[in-house]
Amino acid sequence: EEPSSLRVPTMKIRAAIRTFIVVSAAACGLIAVVNKIHLRVALEDSTSSDIPVFSPTTEQTSQVLADDYACYFKSDNFNDMVQSCCRSLYIPPTAQSLLPLNLAVGPPQHPASKGFPEGTRFRYMVGNRNEIVFDGANADSVAFLNRYFGFNIATTNEQSSFQRQEHAELLGDPDVNNKNLAGLDTVILSALPLIIGPDPAITGVNISTLPPGSAVLYADSDRRPRVAAAFVAPYCETTDPTGALNQGLPMKVAPGSCPQAEALGMACSCGRLVFFGFPLGIGARNHWASSFVGLDSLAAAACA
């Protein structure tokens, strides 16, 4: 039995221990409740209705290799997209320097629906009323455009801030089909900042080297712009049903020449190439009216 002199202190200690246990349990319960609240909020945020169906963030975290992109562009699956209409192929920033630059571009082979050689597929696709969106484009992206679309776009080393254009400025060809730009000027541009840069990571191109009919979206100056950090370039193709021209295979044509080609009984159709020389981030959400598909999700298992 405890000595009487120790009985009271011992009882106090035991009572204090019981109190500590009760308080600790309550605290743990509170932490658990808080954690549940945080988890519930996170889950609610992740399923919020304003999150787009397609997430470029997901695209950027995938581990897709250069070989995967090459395999996909050579695949029947990509050729099926080439032959279809009204798709937007989204190329994320992580893919820009991994795009193949060695696919053969000629001579084009019959039938065009087979898409041979594979380097012709890109222009066949865009000429068939589709578009390719380059997000976080760089010098390799420009090399891709020049090789597969016959452009001569030149990058610049000029460091500047770039201002969003209130109205996309059409260059060179006043007869370009403006409906190819419908929605891009008002919807997508409105979701992007008024001014970007200066930032050495921004890729700018010499405006004077853009294809006729291009629309500058971000420029280094409002009055006399020389460098564009974002632009839209139309690409049009026509075919001669008689086979007399280019053996009936698709031919590149200036957007303003489509009416003349159609007057000769030659079908003409256009798509567009959308170039952002900086990562879009949240602005890359699916504001496009056409079907928006991510390259990484298509190419991830292409070589399997």
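This structure is a prediction, so every number in the text was calculated from the model and none was measured.

### Here's the deal with the pairing of strand β2 (residues 131–135)
With respect to burial, β2 is a largely interior element, five of its five residues being buried. Burial along β2 is two-sided: Glu131, Val133 and Asp135 facing one way and Ile132 and Phe134 facing the other are all buried. Sheet topology places strand β1 (residues 87–91) next to β2; four bridges connect them, and they run parallel. When the bridges of β2 are listed, Leu89 appears paired with Ile132. Relative to strand β10 (residues 267–276), β2 runs parallel, the two sharing five bridges. Within β10, the residue paired with Ile132 across the bridge is Leu273.

### Side note on the state of the cysteines
Counting across every chain of the model gives four disulfides. With its sulfur 2.0 Å from that of its partner, Cys236 forms a disulfide with Cys270. Its S-S torsion of approximately 105° makes the covalent link between Cys236 and Cys270 right-handed. Here Cys236, found in strand β8 (residues 227–239), pairs with Cys270, found in strand β10; they are 34 residues apart in sequence, far enough to count as distant. Judged on exposure class, the residue Cys236 and its partner Cys270 are both buried. Each disulfide in the protein chain links cysteines that, numbered along the sequence, combine into the pattern 1-8, 2-3, 4-7, 5-6.

### Here's the deal with the environment of His110
Looking at the secondary structure, you find His110 in the loop between β1 and α5 (121–127). If near-sequence neighbours (up to four positions away) are discounted, His110 is found in contact with Gln247 and Leu249. A distance of 3.1 Å separates a polar side-chain atom of His110 from the backbone oxygen of Gln247.

### Remarks on the packing of aromatic side chains
Scanning the entire structure with this criterion turns up 15 aromatic pairs. On the numbers, 5.8 Å between centres and 55° between planes, the contact of Tyr72 with Phe73 is tilted. Pair check on accessibility: Tyr72 and Phe73 agree, each one buried. Summarising the aromatic geometry, the rings of Phe78 and Phe122 are spaced 5.8 Å apart at their centres and angled 45° between planes, so their arrangement reads as tilted. Pair noted here: Phe78 is in helix α4 (residues 76–83) and Phe122 is in helix α5, with a separation of 44 residues, a long-range link. A residue is classified by how much of its surface remains accessible, and Phe78, at 0% relative accessible area, is buried. The buried category is assigned to Phe122, whose relative accessible area is 1%.

### Re the side chain of Glu237
One can find Glu237 in strand β8. Buried and without a salt bridge, Glu237 has Arg123 as its closest oppositely charged side chain, separated by 4.2 Å. Looking at Glu237, its side chain comes within polar contact range of the side chain of Tyr235, at 3.3 Å. Apart from residues lying up to four places away in sequence, Glu237 is in contact with Arg123, Tyr124, Gly127, Pro250, Met251, Lys252, Val253, Ala267, Cys268 and Ser269.

### Describing helix α3 (residues 66–73)
Turning to α3, its buried residues are Asp68, Tyr69, Ala70, Tyr72 and Phe73. Buried residues in α3 make contact with α4, β1, α5 and α9 (295–299).

### Some words on the nonpolar core
It is characteristic of soluble globular proteins that their nonpolar side chains tend to be buried jointly. Ranked by size, the top nonpolar core spans 41 residues in total, and within it Phe73 and Phe149 carry the most contacts. The element best represented in this core is helix α6 (residues 139–149), accounting for five residues. Apart from residues no more than four positions distant in its own chain, Phe149 is found in contact with Phe122, Arg123, Val126, Ile132, Phe144, Tyr235, Lys252 and Leu273. Grouped together as the second largest cluster of nonpolar side chains are 18 residues, Val133, Leu192, Leu217 and Val227 included.

Thresholds, definitions, all that
Residues numbered from 1 in each chain as written. Predicted model: local features only at pLDDT ≥ 70, side-chain atom pairs only at ≥ 80, totals over all residues. Heavy atoms only, no water. Buried < 20%, exposed > 50% of the residue type's maximum accessible area, 1.4 Å probe, protein only. Helix = DSSP H or I, 4+ residues; strand = E, 2+ residues; numbered from the N terminus. Pairing = 2+ DSSP bridges. Disulfide = S-S within 2.5 Å. Contact = heavy atoms within 4.5 Å. Polar contact = N/O pair within 3.5 Å; in protein donor to acceptor, adjacent residues only side chain to side chain. Phe/Tyr/Trp six-rings, centres within 6.5 Å; stacked < 30°, edge-to-face > 60°. Lys, Arg positive; Asp, Glu negative; His and termini not counted. Salt bridge = Lys/Arg side-chain N within 4 Å of Asp/Glu carboxyl O. Core = buried A, V, L, I, M, F, W, Y, C linked by side-chain atoms within 4.5 Å.

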